[in-house]
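# Close look at the chain arrangement
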Amino acid sequence: MVDEKIEVIHMSAAKKKKILIVVMDGLGDRSCTALNGSTPLQYTSTPNLDWFTENGCAGIMDVIAPGVGPGSDTAHLALLGYDPYKVYKGRGPFEAAGIGLVGKKGDVAFRCNFSTVNENYEITDRRAGRVKAPETTELIKALSGIVIDGIEILVKEGTEHRAALILRGKGLDPNVTDADPHDLGKVAISKGRTKEAEFTASVVNRFVKLSYEMMKDHPVNAERRKKGLPEANILLPRGAGSFPDIIPFHEKNNMTAACVAGVGMIKGISEICGLDIIDLPKECTGGLDTDMIKKAEIALKTIEKYDFVLMNIKAPDISGHDGRPDEKCSVIRRLDEMAGYLKKNMSVDMVIAFTADHCTPIEVGDHSGDPVPLTIFTKTMIKDKATKFSESGCAEGKIGRIRGKDLLPMCMDLANRSEKFGA
Ligand code: ZN
Ligand code: ZN
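Now for a description of the structure that goes with this document.

## Details of the overall build of the protein chain
Secondary structure assignment for the protein chain yields 15 helices and 14 strands. For a compact globule of 423 residues, the expected C-alpha radius of gyration is about 22 Å, and the protein chain comes in at 24 Å, within 12% of that figure. The dimensions of the protein chain, computed from C-alpha atoms along their principal axes, are 90 × 55 × 35 Å. Looking at the protein chain as a whole, 54% of its 423 residues are labelled buried. By element, 50% of the accessible surface of the protein chain is carried by carbon and sulfur atoms, the whole surface being about 19000 Å².

So this is what it looks like as structure tokens:
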């Protein structure tokens, strides 16, 4: 019998909440000798992340599948609710999008290196002495507007010696081998893995040759020769992939969505999925020196206008790759301050999830297949027994062990946005 004094709530249309997913890149870890066998999260005091865990629900998450070490690209696709095994068609399109070269269905994209070849066309330096902008920017200009056999060529410089290439036109097939031979002394050549892909391989090979012809005598290289530096005289494409035929996030989930991230690749993935990319001030760098509080402030401003916001902070991944336990712990302290800022300043009613896209254990120095910690908080949820935000602490929670692609549906349900399955 319901107490008469308790007001009856008529739930004909439960109020929809907003959703904020905070991805602390590479945050999860393994036990670490330098930290007396603790993980950086276990070792560091995180009162604010713990508050969310205590007042919300926790679990652990295999972002792709148990034992699979995710790339940041496939992981973010999963966190955005896509099945990475269905939509991920090679690294090229995501790398290209990451540097601002967003293609469309039918395009074939590659990541490239500026490299050095000798007069016999053999590779002598795969990174052309780590050439970078503004030299690469100048060299790329020499390659603009090329069309080969009716295929439009789009090319753009990336960070350091990297670049991206998009082929656009009819009859393309991504099933080609890397033109980059990956070894010194070898000659660049791409081959079709199937008969249908031979045309694409021939376009790639002609592009590689053209890149050599147009860059070898470029003033930038004349200058590098003078300085005794390896010339950036060829572009070597690899990692061919077709642009995924993705149902845009807002159509699939009926939510307006935006991405708050400093790293090009995360912005690229989000853009491919149809999220709006929020411009960040220069203090939000995507590096270790990023201003996390500023980023949180922008995320909160963004969520006033959008139903869904994906926020990525890259810093913990960097300390994991660098194998720096002290640095990872200090990054975690800053992440916790950021969580404190969110706790204090969340004004709209939202579902907020704190998690990672993968573990980057310090003693591995790369991504691993360990599950990541997860905490979901919203005002109206039933608390569980988990109290500490860490790999082991979150494992105590009632969410249990889920896959990355299940996170978004769970958040949507808590946000009163999921559709009923059945009558
Ligand atoms: Zn990552
Ligand atoms: Zn990483």
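## Brief notes about the packing of helix α3 (residues 72-79) against helix α10 (residues 264-272)
Orientation of α3 relative to α10, taken along the N-to-C sense of each, is 40 degrees, at an axis distance of 10 Å. Overall, the two elements α3 and α10 adopt an arrangement that is oblique. Crossing handedness for the pair α3 and α10: right-handed. Of the residues in α10, those touching α3 at Ser72, Asp73, His76 and Leu77 are Met265, Ile266 and Ile269. Residues belonging to the contact of α3 with α10 are distributed by class as follows: four nonpolar, two polar and one charged.

## Side note on the coordination of the zinc ion (ligand 2)
The coordination sphere of the zinc ion (ligand 2), as far as protein atoms go, consists of Asp317 (OD), Asp317 (OD), His321 (NE2) and His367 (NE2), spread over 2.0 to 2.5 Å. Considering all four donor atoms around the zinc ion (ligand 2), angles at the metal cover 55 to 143 degrees and the coordination shape is irregular. For the zinc ion (ligand 2), the donor residues sit on a single chain with the sequence spacing D-x3-H-x45-H. Taken as an interatomic distance, the gap from the zinc ion (ligand 2) to the zinc ion (ligand 1) is 4.6 Å. Remark: His367 occurs in the loop between β12 (350-355) and β13 (372-377) and His321 occurs in helix α12 (residues 315-322); sequence separation between them is 46 residues. According to the relative accessible area criterion, His367 is partly exposed, its value standing at 22%.

## Quick notes on the packing of aromatic side chains
Under the criterion given, the structure shown has seven aromatic pairs. Plain terms: the ring middles of Trp51 and Phe52 are 5.1 Å apart, the flat faces sit at 85 degrees to each other, and that makes the pair edge-to-face. Since its relative accessible area comes to 0%, Phe52 is described here as buried. Centroid distance Phe52 to Phe377: 5.5 Å. Interplanar angle 75 degrees. Geometry classified as edge-to-face. Residue Phe52 is found in helix α2 (residues 47-55), and its partner Phe377 is found in strand β13; the two are separated by 325 residues along the sequence. Among the aromatic side chains, those forming a connected cluster through ring pairs are Trp51, Phe52, Phe354 and Phe377. The cationic tip of Lys252 hangs over the ring face of Tyr82; the distance from NZ or CZ to the ring centre is 4.6 Å.

## With respect to the coordination of the zinc ion (ligand 1)
Here the zinc ion (ligand 1) is held by the protein donor atoms Asp25 (OD), Ser72 (OG), Asp357 (OD) and His358 (NE2), which lie 2.0 to 2.1 Å from it. Around the zinc ion (ligand 1) sit four donor atoms, and with donor-metal-donor angles ranging over 100 to 135 degrees the site reads as tetrahedral.

## What to know about helix α11 (residues 292-305)
Taking 1.5 Å as the rise per residue, α11 with 14 residues should run 20 Å; its terminal C-alpha atoms sit 20 Å apart, in good agreement. All of the buried residues along α11 are Met292, Lys295, Ala296, Ile298, Ala299, Leu300, Thr302 and Ile303. Considering only its buried residues, α11 is in contact with β1 (18-24), β9 (257-260), β11 (308-313), α12, α13 (325-345) and β12. For α11, the N-terminal capping position is held by Asp291, with its side-chain oxygen 3.3 Å away from the main-chain nitrogen of Ile293.

## Section: the side chain of Asn221
Checked against the element boundaries, Asn221 lands in helix α8 (residues 219-226). On the basis of relative accessible area, Asn221 is assigned to the buried category, the value being 0%. Only 2.7 Å separates the side chain of Asn221 from the backbone oxygen of Met215, close enough to count as a polar contact. Not counting the four nearest positions on each side in its chain, Asn221 is found in contact with Leu139, Met215, Lys216, Glu231, Ala232 and Asn233.

## Looking at the nonpolar core
Formed by 88 residues in total, the largest nonpolar core has its most connected members in Leu20, Val22, Phe308 and Phe354. Counting residues in each nonpolar core, the second largest holds 38 residues, with Ala128, Ile140, Met215 and Ala240 among its members.

## Re the environment of Gly56
Summarising the element assignment, Gly56 is placed in the loop between α2 and β2 (57-62). Here Gly56 falls in the buried class, since its relative accessible area comes to 0%. A sequence separation of 309 residues divides Gly56 from Gly365, and the C-alpha atoms of the two residues are 31 Å apart.

## Observations regarding the environment of Phe207
Tracing the backbone shows Phe207 in helix α7 (residues 198-215). Taking the relative accessible area as the measure of exposure, Phe207 reaches 0% and is therefore buried. Sequence separation of Phe207 and Leu235 is 28 residues, and the distance between their C-alpha atoms is 8.5 Å. In this structure, Phe207 is in contact with Ile148, Ile153, Val155, Leu165, Leu235 and Pro237, ignoring residues within four places of it in sequence.

Cut-offs applied
Residues numbered from 1 in each chain as written. Chains lettered and ligands numbered in written order. Predicted model: local features only at pLDDT ≥ 70, side-chain atom pairs only at ≥ 80, totals over all residues. Heavy atoms only, no water. Helix = DSSP H or I, 4+ residues; strand = E, 2+ residues; numbered from the N terminus. Rg over C-alpha atoms; globule rule 2.2 N^0.38 Å. Buried < 20%, exposed > 50% of the residue type's maximum accessible area, 1.4 Å probe, protein only. Areas by Shrake-Rupley, 256 points an atom, 1.4 Å probe, with all protein chains shown as cover. Axes fitted to C-alpha atoms, helices over the stretch in contact; angles between N-to-C directions. Parallel < 35°, antiparallel > 145°, perpendicular 65-115°, else oblique. Left-handed = near helix turned anticlockwise from the far one by under 90°. Contact = heavy atoms within 4.5 Å. Nonpolar A, V, L, I, M, F, W, Y, C, P; charged D, E, K, R; others polar. Donors = N, O, S within 2.8 Å, 3.2 Å for Na, K, Ca; no water. Tetrahedral: all angles 85-135°; square planar, octahedral: opposite > 155°, others 65-115°. Phe/Tyr/Trp six-rings, centres within 6.5 Å; stacked < 30°, edge-to-face > 60°. Lys NZ or Arg CZ within 6 Å of the ring centre and 35° of its normal. Expected span 1.5 Å × (residues − 1). Polar contact = N/O pair within 3.5 Å; in protein donor to acceptor, adjacent residues only side chain to side chain. Core = buried A, V, L, I, M, F, W, Y, C linked by side-chain atoms within 4.5 Å.

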